[in-house]
Amino acid sequence: MVRVFGRKRVVILGGGPGGTMVANHLARRFNGSLTGDRVEIVQITACTKHTYQPGFLFVALGDAPLEHFERDQASLLLPGIRLVVDPAESIDPQAGHVITESGAVYAYDYLIIATGSYPDPSAVPGLAQGALGFYTAEDAVRLREALGRFEKGRIVLTVDVPHKCPVAPLEMVLSLDAYFRRMGRRHDVELVYTYPINRVHSLPQVAEWAQAEFERREIRWETFFNVDRVDPEQRVVYSAEGGEYPYDLLISVPPHRGAPVVAASGLGDEQGFVPTDRYTLRGAGLENVYVVGDATNLPVSKAGSTAHYEADIVADNVAAAIAGEPALRRYDGKVFCFIEAGDDRGTYIEFSYTRPPRPAPASVMLHQFKMAYNEMYWLSARGVL
Ligand SMILES: Cc1cc2nc3c(=O)[nH]c(=O)nc-3n(C[C@H](O)[C@H](O)[C@H](O)COP(=O)(O)OP(=O)(O)OC[C@H]3O[C@@H](n4cnc5c(N)ncnc54)[C@H](O)[C@@H]3O)c2cc1C
C-alpha cells in the first residue's frame, strides 16, 4: 500500500487499453485506499463500451461478430475508480483542470492523457467516398458486407502514415489471400498492396518477412505509393508519385490523427499527438501530465502492447509522485505484436528503442497464441496480466 500525503485526484482521459490499464494499475497500487478523501481516480471517457480493436480484422473477415470484442467499460474497472462518460472538450494544464462536453470541470493533481488515435479519411480527397476500411467498428462491419458481395476483380489495399497497429494492413492482405483460397476463388481475385516508403513496412525486418510472403502468395505490391486522391466514380486510386490503380474494391488505412480534444487544447503537434518524453512519458513542458498509448508522438508503434507497457510505468511513477517519492521507472520503447499470417498461421515481433524486431517463422502455434490473447485481453485491461 502506498502512503499518501494529502488528498490527490488523478484524472485519466480515455477508456481504451491505455487509460483503463493505468486506472486499474493505480487502483491496485493504492490497494483499497480509494476513499476519495485520500486518492481519487476519475476516468473520463467518450463511450460506455470498450472495444478490442485487434478484433476488427476478424470482424471484417466474417470470423466473429463485433459484440465478441466489446465489453461495458464499467465492468473492466476495479472498485473505487469513478467512471465518467462525458467526453473532454478541453484540457487546461495551467489551471490544472479538464472541462467536459456537459460543462463539468474536473480539477486534477495528475492528468493522464490516453485519448488514442483515429483514421482521418478526410485527409485524402475521395478516400471517404471511394474506400472501405477496417480500422473502426463501423468500417469493419461494412467491409464484411462488401467482401460477402465481392465476386471477382482487383482489391487494392492502400496504407497511409502514420497509423496505428503497423502490422494490421499486412495481416489483412495475407488473410484476404487465405480467405479467397479457402473459398476456391483466389484465381478470380487480384490482390494489390501499396505502401508509402521504399519497402512494404516501416520496419526493415518486417518488410523482408512480408515481401517473401507476398511473393509466395502472388500478392502484388507497390512501394513509394503515397495516396494522393481517389476517383470514386472511375474507381481509380492515384499516388503523389504518379502511380495509379483502377480497383474493384479499395480498402484503405487512412493517415491517423490524435483525438480532437488534444488539438483543441493546443497540446498537440501538427498531427494532434502530444509531444511526450520518450523515457518518462511526461507531456513535454507540462506539469504533472503523463501521456499513454496512441496519444503520444513517440517514435514507437501505436499498439495496444505499447499502451500496456507504458501504462505500467506511468502508474508506478504517478503512485511514487503521490507518495512523495522519486519517479524512477523509464519506458524503453518496448512493443510486442502478434502478426496473423493467414491459413491459421501467425508470427510475432518484439522490439524497443534499441532492439530491432526479428519475426519468427510463422506457425500454427503462434496463431493460436494470438487467438488466446484475443480472449485474455480483458484480463490485461483489468491489470491482471
Ligand atoms: C484493425 C486493428 C488491429 C489492431 N491490432 C493490434 C494488435 O494486434 N496488437 C496491438 O498491440 N495493437 C493492435 N491495434 C492497435 C490498438 O488497438 C491501439 O493501439 C490501442 O487501442 C491504443 O490504445 P489507447 O488506449 O492509446 O487508445 P484507444 O484504444 O483508441 O482509446 C482511446 C480512448 O479515448 C477515448 N476518448 C477519445 N476522445 C476522448 C475525449 N475527448 N474525452 C474522453 N475520452 C476520449 C475513446 O473513447 C477511447 O476510450 C490494432 C488496431 C486496429 C484498428
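A brief report on the enclosed structure follows.

So, how was this worked out
Residues numbered from 1 in each chain as written. Predicted model: local features only at pLDDT ≥ 70, side-chain atom pairs only at ≥ 80, totals over all residues. Heavy atoms only, no water. Near = heavy atom within 4 Å. Polar contact = N/O pair within 3.5 Å; in protein donor to acceptor, adjacent residues only side chain to side chain. Areas by Shrake-Rupley, 256 points an atom, 1.4 Å probe, with all protein chains shown as cover. Helix = DSSP H or I, 4+ residues; strand = E, 2+ residues; numbered from the N terminus. Nonpolar A, V, L, I, M, F, W, Y, C, P; charged D, E, K, R; others polar. Pairing = 2+ DSSP bridges. Axes fitted to C-alpha atoms, helices over the stretch in contact; angles between N-to-C directions. Contact = heavy atoms within 4.5 Å. Parallel < 35°, antiparallel > 145°, perpendicular 65-115°, else oblique.

Concerning the site of the ligand
In the vicinity of the ligand lie 30 residues, with G15, G18, A88, D294 and G304 positioned nearest. Here G18 contributes a backbone N or O atom positioned 2.9 Å from an oxygen atom of the ligand. Between the ligand and Q53 there is a distance of 3.2 Å, counted from an oxygen atom to a side-chain nitrogen or oxygen. Considering the ligand on its own, with 1,000 Å² of exposed area, one finds that the protein chains cover 91% of that surface. Listing elements by their share of the shell around the ligand, those giving two or more residues are α1 (17–29), β2 (39–45) and α8 (304–322). When grouped by side-chain class, the residues that make up the shell around the ligand number 16 nonpolar, eleven polar and three charged.

Comments concerning the sheet that holds strand β12 (residues 189–194)
Ordered by their spatial adjacency, four strands build an open sheet running β13-β12-β11-β17, and the pairing between neighbours is parallel. Two strands bound the open sheet, and with one partner strand each, they are β13 (220–222) and β17 (249–253). Ignoring strand direction, the axes of neighbouring strands in this sheet form an average angle of 15°. The pairing of strand β11 (residues 153–159) with β12 spans six bridges and is classified as parallel. Bridging from a neighbouring strand, T158 pairs with T194 of β12.

Points about the environment of T280
Residue position: T280 is located in the loop between α7 (260–264) and β19 (289–291). Each residue touching T280, except ones within four places of it in the same chain, is listed here: Y290 and N317.

Focus: the packing of α1 against helix α9 (residues 364–381)
α9 packs onto α1 with a crossing angle of 50° between their chain directions and a minimal axis gap of 9 Å. One element, α1, and the other, α9, form an angle in the oblique class. Residues P17, T20, M21 and N24 of α1 touch α9, and the partners they reach there are Y377, S380 and A381. The class makeup of the residues in the contact of α1 with α9 is four nonpolar, three polar and no charged.

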